[in-house]
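# Observations on chain architecture
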Amino acid sequence: MNLRVFRLLALVAFVLVATAPFRSPGAATASAQQAVVYRDEYGVPHIYGDTAAAASYAFGYVQAEDHLSQMRQNYLAAAGRLAETGLGTSDADALVHLLHIPEVGQAAIATMPAGDRERVEAFAAGVNKYITDHPGQPAWMLPVEPYEVIAWVHSGNLLPEYQLAASELPAAAALPAAASSPYGSNMSAVAPAKSALGVPILLGDPHLQWTGTTQWYEAHLNYPGVNVAGSTFFGWPFINMGATDNVAWTMTNNSPDNADVYRETRNPANPLQYLRDGVWVDARAEIVTIKRQGQPDLPVTNYYTVHGPVIRIDAAYAYAASMVSFDLTELPSAAFHMPEAPSASALFNPADTPKIAKWNIILADTQGHIMYVYNIRLAHKSESVDWKHAVDGSLSANDWGPFLTYGELPTKVDPANGYLQNANNSPWNTAPDLVPADYPSYLYPGNFMGERARRAVEWLESKPQFTVQDMKDMSMDDLSWSGRGLAALIGPAWADLAPTYPDPDGSVAQATALLSPWDGRQSKTSTAVALGRQWVVDFFALTPTFSRESIPAYGSLGAADRTKLLDALVTAIADIRGRFGVLNPVWGDVHKISRGAAFPAGGGSAETPGLRMANATSFSGGVYWAAGGSSYQFVVAMTSPPSFYSIRPYGESEDAASPHYADQTALYTNNQFKLMPFTLSDVIAHSTGSQIYYYDPPAPAVGGIAEAPAETTAPARDATGGGRAAYALGGVVLMVVAVLAAGGWAARRRGRG
């Protein structure tokens with residue numbers, strides 16, 4: 001046997017082992033639907049299902065495999081079952097019932113199209129199968145009910161709206177707002193004429209906390225008619241942002257005014273009535289029962305007016321929150337079908353009302369279009385009312401009108417400049433062709449830009465065409481707009497003021513020499529970042545005459561601002577020297593990511609934003625610990641098939657013992673992307689193993705939980721057409737060919753309990 005043949009046979013044997021389904025107990029039934037899951041070298045699941053339900057079943061199973069504890073706790077919180085399981089308080093449970101979060105989950109399951117309901121049931125069944133396959137779980141690890149999954153998705157929209165409504169309460173009536181998430185993000189797209197490939201290229205980069213409810217999970221789902229890859233929040237049953245064979249999309253927070261508080265005048269003779277156009281009407285009461293571990297059940301009465309749930313009551317008034325997502329049940333179905341769109345514009349019928357509450361959205365498609373949508377579920381409202389404060393609810397003239405349609409929202413397809421960008425800035429400077437006067441004043445007051453958006457525009461105007469690598473480099477850009485702008489001023493300021501400015505130990509001169517050449521970049525190897533970022537913070541705390549975004553040339557500075565540059569430097573010197581003993585620590589030595597080990601990291605921060613963000617939320621042991629910021633960066637070129645690259649700060653698994661707990665962290669901190677395999681041949685080529693799952697739809701479902709037999713080692717059925725399951729042997733041939741070709745968040749009355 002010659003060496004070439006021996007190597008080929010060895011390769012085939014290796015691939016057979018790598019791609020063969022894992023052995024597991026159980027047997028398939030005749031009615032079972034099959035899904036094959038391939039895990040790539042980063043543990044990302046690529047799920048090929050005979051049906052959407054089979055793919056959903058496997059999606060539930062693999063998510064549970066990677067982060068069961070967190071997703072189950074999320075479901076219990078959204079279902080109002082924390083006190084029941086001993087994981088939280090009855091107050092938290094009462095809140096979600098006041099907001100109808102569990103109730104919306106139940107209503108959605110009952111009313112959604114049968115096929116969509118089957119997907120949710122299958123997803124929950126997959127989670128439950130994992131639980132039963134792994135005994136020894138804590139007592140609170142109860143079987144997941146399908147409505148809990150939808151309640152968890154719904155809470156992601158509604159809780160921020162509740163927080164916004166609560167923030168508009170009078171100060172004397174203020175209550176703690178729900179925990180917030182630091183929504184931010186960047187996104188951009190270049191049109192074919194501005195792309196070196198001649199096709200659109202899209203960049204997504206949501207800025208969120210890296211743990212908790214905003215943690216991402218990456219996956220690839222393939223079933224008849226759909227091939228979609230991207231990311232979603234832990235426990236969500238669909239892809240949130242990513243790409244299909246036809247369309248890629250990403251989102252940023254648009255901070256919409258999509259919730260308001262109405263001040264309801266109470267009847268002194270009957271406090272359960274409120275005034276409407278001169279007539280006393282009854283508030284609606286709903287009684288819910290909160291189950292409590294080791295304690296009697298607690299009945300809670302919640303009240304509602306025509307405007308929504310009552311979130312605060314005082315002597316004269318009740319305050320009701322109007323929220324655009326309250327009792328909205330259509331979101332899950334809209335999300336399930338989003339990947340079926342043949343083009344970007346097909347997703348947004350001008351006559352339709354948005355089912356998704358918020359988000360700027362940028363899309364690109366294989367038809368060569370890029371598109372921006374200021375997506376918001378927003379009611380027509382009087383422009384003479386101050387919607388930032390509690391509104392008089394006794395006048396029906398102040399009520400919300402119908403919701404705006406997509407045809408009434410800012411939208412732009414194929415802008416003349418060849419690109420779109422949004423970094424939480426206004427629609428008017430996302431697509432400059434959009435004119436504020438064409439829209440209601442409450443839709444987006446003002447014209448906010450921001451440091452990150454200015455840097456993005458600078459990038460996109462820097463060259464006539466962009467490659468995929470250019471878009472990756474832009475995504476990783478950590479330059480501080482304000483840092484670079486101030487650094488250009490410090491040298492001239494010191495040269496002017498040095499003769500009279502006190503500097504007894506030479507520290508100001510030393511710091512000036514360090515910062516004068518700083519270009520604002522916040523790489524992990526820089527020695528200027530620690531001092532520079534603190535100096536920027538201290539300087540703007542002195543309220544200069546200009547903003548972070550509009551730093552003038554030195555010759556335009558007044559004397560007071562010139563002095564403030566040095567005054568801020570003095571305080572920054574004291575801070576940094578107090579922390580580190582020196583002025584110039586290497587940034588990666590004092591700014592790290594903790595994920596099993598400590599990884600030196602660069603990146604922007606809340607103090608000095610960059611496009612690439614790695615925001616430190618704590619300081620201990622002489623280190624700033626980054627725990628939020630760029631949470632899922634991806635670049636997609638709309639070739640056929642799309643070319644998809646992504647990276648996250650952590651790995652795919654929450655099991656610290658898993659090889660996929662922190663395997664992306666090193667890439668992330670080195671500003672590198674990984675390939676997201678998108679075609680079957682690439683999936684097979686990058687597979688480290690596969691497993692077959694069988695979903696047997698229950699008839700009928702018991703307790704809302706679908707039962708299914710275990711995975712089996714039966715061979716995958718023949719794949720015919722897009723979205724069908726793949727076969728190990730076919731994968732072997734494809735991989736061999738590929739290798740050879742390549743060469744190697746509330747008010748209530750309580751009863752006694």
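The rules we used
Residues numbered from 1 in each chain as written. Predicted model: local features only at pLDDT ≥ 70, side-chain atom pairs only at ≥ 80, totals over all residues. Heavy atoms only, no water. Helix = DSSP H or I, 4+ residues; strand = E, 2+ residues; numbered from the N terminus. Areas by Shrake-Rupley, 256 points an atom, 1.4 Å probe, with all protein chains shown as cover. Expected span 1.5 Å × (residues − 1). Buried < 20%, exposed > 50% of the residue type's maximum accessible area, 1.4 Å probe, protein only. Arc of directions from axis to C-beta. Contact = heavy atoms within 4.5 Å. Pairing = 2+ DSSP bridges. Axes fitted to C-alpha atoms, helices over the stretch in contact; angles between N-to-C directions. Core = buried A, V, L, I, M, F, W, Y, C linked by side-chain atoms within 4.5 Å. Phe/Tyr/Trp six-rings, centres within 6.5 Å; stacked < 30°, edge-to-face > 60°. Lys NZ or Arg CZ within 6 Å of the ring centre and 35° of its normal. Parallel < 35°, antiparallel > 145°, perpendicular 65-115°, else oblique. Left-handed = near helix turned anticlockwise from the far one by under 90°. Nonpolar A, V, L, I, M, F, W, Y, C, P; charged D, E, K, R; others polar.

Bringing the overall build of the chain into the picture now. Looking only at helices and strands, the chain features 18 helices and 29 strands. Looking at the chain as shown, the accessible area adds up to about 27,900 Å², and 56% of this sits on carbon and sulfur atoms.

The terminal C-alpha atoms of helix H6 (residues 114-133), which comprises 20 residues, lie 28 Å apart, in line with the 28 Å expected from a rise of 1.5 Å per residue. The buried fraction of H6 is high, at 14 of 20 residues.

Here we come to helix H5 (residues 101-111). Within H5 the residues assigned to the buried category are Ile-101, Pro-102, Val-104, Gly-105, Ala-108 and Ile-109. Seen end-on, H5 carries its buried residues on one side only, within an arc spanning 160 degrees. Those residues of H5 that are exposed and angled more than 90 degrees off the buried face are Ala-110 and Thr-111. The elements touched by buried residues of H5 are helix H2 (52-78), helix H4 (90-98), H6 and helix H7 (146-167).

Further remarks concern the sheet that holds strand S28 (residues 687-695). If you walk across this open sheet you meet the 10 strands as S19-S17-S16-S8-S7-S6-S5-S2-S1-S28, and the pairing is mixed. One side of each edge strand has no neighbouring strand; the edge strands of this open sheet are strand S19 (411-413) and S28. With direction set aside, neighbouring strand axes in the sheet form an average angle of 15 degrees. The pairing of strand S8 (residues 247-252) with strand S16 (residues 360-365) spans six bridges and is classified as antiparallel. By the bridge assignment, Thr-250 is partnered in S16 with Ile-362. Along the sheet face, H2 touches strand S1 (33-40), strand S2 (45-49), strand S5 (216-223), strand S6 (226-233) and S28 and points at about 40 degrees away from the line of S1. Relative to S28, H6 is tilted by about 115 degrees, and along the sheet it contacts S1, S5 and S28.

Here we take up the pairing of strand S15 (residues 317-323). In terms of burial, S15 is a largely internal element, six of the seven residues being buried. For strand S9 (residues 259-267) and S15, the ladder comprises seven bridges, and the chain directions are antiparallel. Paired with Ala-259 across the two strands is Met-323, which belongs to S15. Linking strand S14 (residues 308-313) to S15, which pair antiparallel, is a turn of three residues.

A few words now on the nonpolar core. Among the nonpolar cores identified, the biggest contains 123 residues, and Ile-47, Phe-59, Leu-363, Leu-443 and Phe-644 are the most heavily contacted of them. No other element matches the 15 residues that H2 contributes to this core. Within the second largest apolar cluster, 38 residues are counted, among which are Ala-487, Phe-540, Leu-566 and Ala-616.

Moving on, we come to the packing of aromatic side chains. Centre distance and the angle of the planes are the two values used to describe a pair of aromatic rings. As enumerated under the stated definition, the model contains 30 aromatic pairs in all. Put simply, the rings of Trp-216, Phe-233, Trp-236, Phe-238, Phe-336, Tyr-632, Phe-634, Phe-644 and Phe-678 pair up and form one aromatic cluster. Between the NZ or CZ atom of Lys-472 and the centre of the ring of Tyr-645, over which it lies, the distance is 3.8 Å. Across the ring face of Tyr-624, the terminal group of Arg-533 is positioned such that the distance to the ring centre comes to 4.8 Å.

Contact geometry for helix H11 (residues 481-497) and helix H12 (residues 507-515): axes closest at 9 Å, N-to-C directions at 140 degrees. Viewed along their axes, H11 and H12 adopt a mutual orientation that is oblique. Like other packed secondary-structure pairs, H11 and H12 cross with a definite hand, here left-handed. Each of Ala-487, Ile-490, Gly-491 and Trp-494 in H11 lies in contact with H12, whose residues at this interface are Val-508, Ala-509, Thr-512 and Leu-515. For the contact of H11 with H12, the per-class residue count stands at six nonpolar, two polar and no charged.

On to the environment of Pro-206. Assignment of secondary structure puts Pro-206 in strand S4 (residues 201-209). Classification of Pro-206 by relative accessible area gives buried; the value is 3%. When the C-alpha positions of Pro-206 and Gly-184 are compared, they lie 6.4 Å apart, and in sequence the two are 22 residues distant. When near neighbours in sequence (up to four residues on either side) are disregarded, Pro-206 contacts Gly-184, Ser-185, Trp-216, Met-241, Gly-629, Ser-630, Ser-631 and Tyr-632.

Backbone torsion omega between Ser-640 and Pro-641 reads 0 degrees, so that peptide bond is classified as cis. Mapped onto the secondary structure, Pro-641 falls in the loop between strand S25 (633-637) and strand S26 (643-647). In the Ramachandran plot, Asp-277 falls in the positive-phi region, its phi being about 50 degrees despite a non-glycine side chain. When you line up the elements, Asp-277 lands in the loop between strand S10 (270-276) and strand S11 (279-282). Overall, the relative accessible area of 44% leaves Asp-277 in the partly exposed class. The backbone phi angle of Asp-327 is positive, close to 65 degrees, even though this residue is not glycine. Among the secondary structure elements, Asp-327 is positioned in the loop between S15 and helix H8 (331-337).

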